[in-house]
Structures are given as C-alpha cells and as structure tokens.
Amino acid sequence: MTPLLSVRHLRKSYGALAVTDDVSLDVAPGELHAIIGPNGAGKTTLIHQLSGAARSDGGEIRLAGENITRLGMVARVRRGLARSFQITSLLDGFSVLDNVALAVQARSGSSFRFLRPVAGDRRLNGEAMAALDRVGLADRAGRRAGSLSHGEKRQLELAVALATGARLLLLDEPLAGTGPEESARLVGLLRDLKATHTLVLIEHDMAAVFALADRMSVLVYGRVIASGPPDAVRADPAVRAAYLGEEAA
Amino acid sequence: MSAGASLPVARIEAAPPRRPGARIALLLALVALALVPVLASGIGAPFLIVTATRILIFAIAALSLDLVLGYGAMVSFGHAAYVGLGAYAVAILSAHGIHDLLVQSAAALVVCALFALVTGAISLRTRGVYFIMITLAFGQMAFFFMVSLSAYGGDDGVSLDHRSRVLGARLIEGDVALFYLALGVLAVVFVALRLLVASRFGRVLRGIRENAVRMEAIGFPAFPYQLTAYVVAGAIAGLAGVLLANQAEFVSPAYMSWQRSGELIVMVVLGGMGTLVGAVAGAAALIAVEEGLAHFSEHWRLGLGLMLVLLVLLARGGIAGLTARLRGGRAA
Ligand SMILES: Nc1ncnc2c1ncn2[C@@H]1O[C@H](COP(=O)(O)OP(=O)(O)OP(=O)(O)O)[C@@H](O)[C@H]1O
Ligand SMILES: [Mg+2]
C-alpha cells in the first residue's frame, strides 16, 4: 500500500544547527505514527515542515503520492493535512462553536460572501457541533474559547483539526500540560480518532504513546535513530542508550 | 462534569452584538439625526447643519478605516489619501465640465479601489510598524502628487464653482439637502458594514485579527481577505471625499495629509476600535471638539490630547466601551 505520508531526506537548519537532519519516514493510511524524542530534538520543527509552516532546506514530502514539499500551509490543509499546536492556539475571543465552525467554513464554499450573517448558518454549525460532540465539548459550544480550562482547550484544538476535514492529522503534544484526569480523557479521544484518521502524534507521555502507537520513530538531535513497531523500538539498544535509557535509569 | 454545563451560556464573541434592541436604537438614532436641520434652524443656528454634515462625512471615513484598523487589524496611516482622492475626483472632473455626482462618485470609487488594490497588495507584504510606515509613505506619495498638480491648484487647492449636479439638477446646492445626502450615504455604509462584519467574509477577517496563524492552519490565508477589506475601505473613504469636496466647495492636498490620517485613527480609537457605532461616535466627538475648541483657542489640540489620555486611562474600548460599561454590559 502506498503510504499516505512519505518523507524523504528532509532537512532544515537554523544557522549552524541542523534541526531536521536527513529525516525519512512513512505513515500508512489508518496508522498512528508516534514521534518521540527529548526536548529540543526537533519534533515541533518537523511538524512545522510537514504542515507547511516552515520551509525545508532539502528533501521531499509526499501526501498520497503527491509532492507537497513546495506547497504552503493553506494548500496542504485543502489536500487533507491539518495540524494542532503544542502551545494552544485558538481564537480566544470567539465562541467555542465559532472556532470550529470556521474550520468547517474553510472547506465549504467561498468565504468571499459579504452580506448574509454567518453566525446562524445551520450547515456550518451542524458540522461544527458534530466535531465538538466527538471531542466531548458539545456542552461548551456557547462559551468563549479563552474561558475554557486548559484540558478543554486541548480538546478544542482537536475538534478544530477534525473540522478541517483532513484525513491526516499532525498532533503536536496534545496532552501537553494536562493533569492525569484530562490526560486520560484525551487518550481515550485519540484512540477514537485512530478509527477514522491517520495520525502523526508527538508526545512525551510514554504510557500514552505505547498505548496508542502502531509504529513510532525516535528523533534525537534531528535524526531518526529508530523506527518501527513500539516493541521493537523499545528494545532497540540505541534508543535505550540515547533516550529511553534516561527514564530507565 | 462541572455545573457550568447547566448554566445559561453567554454568547460572547468578536461579532457585532445582536441585541434585539440594537436595531431599534439605531433607527431612533437615524430619526434623531434626521431632525438635526430642523432643530438647528429652530434654534436659529443654521451653521450647526454644516458642522453636522462634516461629522457625517468624517463618520463615513472613520467607518471605513474601522474596517481596516478595527476589524482587519491593519494599522493604516494613509487613509486620508482616499478621502483626498475622492475629493479630487470631484474637483478634476468638474474642471473638465463633468459635474454629475454619480459619474464623479463612480470615478472616485474606481480610483480609490485601484489605489488601495495596488498599494495594499504591496503594503500587506509587511507587518507591524513597517505596515504603518509604508501606508504612510503611500499616503504622502498621493499628497505630493496632488501638490505637484499645478493645473488643479497645486499646494493651494482649488475652489469649485458650484456643487455637483444630480442628473443635471441642482439637488445638493443647499446645505440641508447635502446634509440629508451625507446622512443617507452614512446610513447605507453603516448597514452594509454591519452586514459585512457578520458575514462569512467578516468572520474570517475577525478571525485573522484574532490569530492569523490559527486561521492559516485551518485554511484561511490572511492576504486575500485583508486586501479585500483594504480595497472596500478605500472605496468607501473615496465616497466620503466626494461629499467633503461638495461640502467645502473646495479641495486641497491638505485633505490627504498625514495629520488627517492621524485624525481618522484618533476617531476610530476614540470611539472604540472594531465597533461601528464607535467610529461614528469618535468622528462626532473629534469634529465637535475640533470646531468647538477651535473657537476658544488655537491650542485646541492640547485639549484634545488631554481628552485622549483620559479616555485611554479611564475607558479602554473607547466611547463604545464606556457606554457599554455604563449600561452594565461589556464592550462588544
Ligand atoms: N525559529 C527557530 N530559530 C532558531 N532555532 C530554533 C527555531 N525553532 C526551533 N529552534 C531550535 O531547534 C531545536 C528543535 O526545536 P523544536 O521546537 O523543534 O524541538 P522539540 O523536539 O519540539 O522540543 P520540545 O519537546 O521541547 O517541544 C531547538 O534547539 C530549538 O532551540
Ligand atoms: Mg515541540
């Protein structure tokens, strides 16, 4: 089967620092591919490159066979690749519903329409509510996004990514900063998303990663030092030495 | 789950408020404004009609700037250029024997939209303070271009022989008629912008103001939406210029000076950015203060400065924010 996402020899440097150093990986349709690595390994930078937020210095990114390396973020979203943010990035002054409805609006019809009020648009709001329902935020629809708890904001990030209609979601530490209870809820949510979406998941929470991942890659100093099923990666001596070893010690 | 779920949810968002009373209040305000000429003549102060007309005209210009500044998050420091271009559309066409208001207005709309399209497309390549500087530079360019046009008065400006004609008729030769024309244009612009900011387009524009990175990540590039708002605003400001030329029966490059652009910004900020009512209130306040204080002292700008400082300290959100808070609500 052709991979949904295929990355070959991807590179990026900030000055002399090689932040993404010859990264290659494949993500099969329907797979949850986790990317782990210590702080500063270059995980977020990789997400920036994959989503089009940052330009790559070299290498190639293919989505369902199409070369998207030179496309911008908007073009990639339209092709079905969406991302969430490590640091929550929402429209804080908008309602929870409108945050999601805008993501629906982006893929349904022109937004160069100037006269009809959009707030009551049933189709946009209906699809937005479906996404909110799925992440368990339906009862928060009318709240201001900025007034949500941290865990709820993480849920909203996921609802927005879902509402873009993308089939491949790049999730940058969706559990970041959440407490045990919130984190358990989000892990359940990610398991549910797995059924319908291909996911690239960056996460520091090892319990969550090993519970969810079909395959995983370990990034250290911008290099993939191991890639494969979780058990194989866990047993990999290089990984134990370079990364997991820190925790085993 | 928490008890919050069962509480009535407050819809607080960056959209214009949809209070049921808002439409009635606006209608009442329109009726009250329509009575101004009657009252002014009644109390034997017809000069107030002129002041009121100037307020209406600058309210139109301030509304258009609010679309750019308040809703589009683009701090344009060259907005007076569009007012000036609109005014010169009247002066230049008149000088060539074309006195029809509709033709002049159409010319003003086209010229301003084009100028906004070209300069906006360039300016929007920059951000923050560079955007301010480059819009200022384009404004100054327009200013010095008109200064150099000696055929149309150059630095001194040019007087109109008479006001524009409507299909050959001297419909707005009188001050009262011009007042009602300005009021009509203001009402149409106000309603149109109210619809616009609540539309699909308006929601995208407000989203970009709030978080451009987030908007791009869901598929909305800022550029085309901001540029469209910039062009629409430029065209509307051009209409204000057409009215201003007719009101003063005189046009000069001073209309496009950076001080004028600054005053428009003050109107919008004074009234409360991103609230259409605020832009109108800000224009009214500034023109009233300008013409009021100017009677007492040539240092009226000092008084204005003090007022601004007080407003910033006491009333974030401008006049609109202050009145909302006095009513016990919140700034929209
Ligand atoms: N815009 C930038 N300019 C210069 N250096 C950068 C930039 N962005 C990231 N870096 C550097 O690149 C390296 C990788 O950063 P990145 O944020 O991708 O790491 P990460 O794996 O996501 O870390 P974390 O686990 O803390 O989120 C770090 O050393 C960081 O300082
Ligand atoms: Mg990171």
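Refer to the structure printed above.
Here the structure is a predicted model, which means the values were calculated and not measured.

A. Layout of the overall build of chain B. Helix and strand content of chain B: 14 helices and two strands. A burial count over chain B gives 51% of its 332 residues as buried. Accessible surface for chain B amounts to roughly 14,700 Å². Of this, 72% is attributable to carbon and sulfur atoms.

B. Main features of the site of ligand 1. All names here are of chain A. Within the structure, ligand 1 sits among 13 residues, and N39, K43, T44, T45 and H204 are positioned closest to it. Here an oxygen atom of ligand 1 sits 3.2 Å away from a polar atom, N or O, in the main chain of A41. In this structure, H204 approaches ligand 1 through a side-chain N or O atom, which is 2.9 Å from an oxygen atom. Coverage of ligand 1 by the protein chains reaches 60% of its 630 Å² of free accessible surface. Sorting the residues of the shell around ligand 1 by element identifies β2 (17–27) and α1 (43–51) as the ones contributing at least two each. The dominant element in the shell around ligand 1, judged by the number of residues it contributes, is α1, at three residues. Split into classes, the residues belonging to the shell around ligand 1 amount to four nonpolar, seven polar and two charged.

C. Here's a closer look at the packing of aromatic side chains. Going through the model one piece at a time under the given rule, you end up with twelve aromatic pairs over all chains. Summarising the aromatic geometry, the rings of F112(A) and F114(A) are spaced 6.4 Å apart at their centres and angled 55° between planes, so their arrangement reads as tilted. We classify F112(A) as partly exposed; its relative accessible area is 34%. Relative accessible area serves as the criterion here: at 28%, F114(A) is assigned to the partly exposed category. An angle of 85° between the planes, with centres 5.3 Å apart, marks the rings of F179(B) and Y180(B) as edge-to-face. Every member of this aromatic cluster is reached through a ring pair, and the members are F112(A), F114(A), F201(B), F220(B) and Y225(B). Over the ring of F223(B) we find R125(B), and its NZ or CZ is 4.6 Å from the ring centre.

D. Seen up close, a nonpolar patch on the surface. Residue and element names in this part refer to chain B. On the surface, V31, L35, V38, L39, V176 and Y180 cluster together to form a nonpolar patch covering roughly 520 Å² of accessible area. Elements with a contribution of two residues or more to the nonpolar patch: α2 (36–42) and α7 (175–198). The topology assignment puts V31 in helix α1 (residues 20–34). On the basis of relative accessible area, V31 is assigned to the partly exposed category, the value being 48%.

E. Main features of the interface of chain A and chain B. At the interface, 40 residues of chain A touch 34 residues of chain B. Overall, the association of chain A and chain B removes approximately 3,500 Å² of surface from exposure, summing both partners, and the carbon and sulfur fraction of that is 58%. Counting every contact that joins chain A to chain B gives two salt bridges. The residue R214(B) makes a salt bridge to E157(A) at a minimum N-O spacing of 3.0 Å. If you look at where chain A meets chain B, you find 18 residue pairs in polar contact (both at pLDDT 80 or more). Elements with a minimum of two residues in the side of chain A that touches chain B: α2 (73–78), α3 (96–107) and α5 (150–163) of chain A. Considering each element in turn, the side of chain A that touches chain B owes the most residues, seven residues, to α3(A). Classifying every residue of the side of chain A that touches chain B gives 20 nonpolar, ten polar and ten charged.

F. Region of the structure containing the sheet that holds strand β4 (residues 58–63) of chain A. Residues and elements named next belong to chain A. Judged by pairing direction, the sheet is antiparallel, and its four strands sit side by side in the order β2-β1-β4-β5 without closing on themselves. One side of each edge strand has no neighbouring strand; the edge strands of this open sheet are β2 and β5 (66–67). Pairing of β4 with β5, which is carried by two bridges, proceeds in the antiparallel orientation. Within the sheet, the bridge partner assigned to R62 lies in β5 and is N67. Packing of α1 onto the sheet brings it into contact with β1 (5–14), β2 and β4, and relative to β1 it is tilted by some 120°.

Thresholds applied
- Residues numbered from 1 in each chain as written.
- Chains lettered and ligands numbered in written order.
- Predicted model: local features only at pLDDT ≥ 70, side-chain atom pairs only at ≥ 80, totals over all residues.
- Heavy atoms only, no water.
- Helix = DSSP H or I, 4+ residues; strand = E, 2+ residues; numbered from the N terminus.
- Buried < 20%, exposed > 50% of the residue type's maximum accessible area, 1.4 Å probe, protein only.
- Areas by Shrake-Rupley, 256 points an atom, 1.4 Å probe, with all protein chains shown as cover.
- Near = heavy atom within 4 Å.
- Polar contact = N/O pair within 3.5 Å; in protein donor to acceptor, adjacent residues only side chain to side chain.
- Nonpolar A, V, L, I, M, F, W, Y, C, P; charged D, E, K, R; others polar.
- Phe/Tyr/Trp six-rings, centres within 6.5 Å; stacked < 30°, edge-to-face > 60°.
- Lys NZ or Arg CZ within 6 Å of the ring centre and 35° of its normal.
- Patch = residues over 30% accessible without salt bridge, like charges linked within 9 Å, V, L, I, M, F, W, Y side chains within 5 Å.
- Salt bridge = Lys/Arg side-chain N within 4 Å of Asp/Glu carboxyl O.
- Contact = heavy atoms within 4.5 Å.
- Buried area = accessible area lost by both parts, 1.4 Å probe.
- Pairing = 2+ DSSP bridges.
- Axes fitted to C-alpha atoms, helices over the stretch in contact; angles between N-to-C directions.

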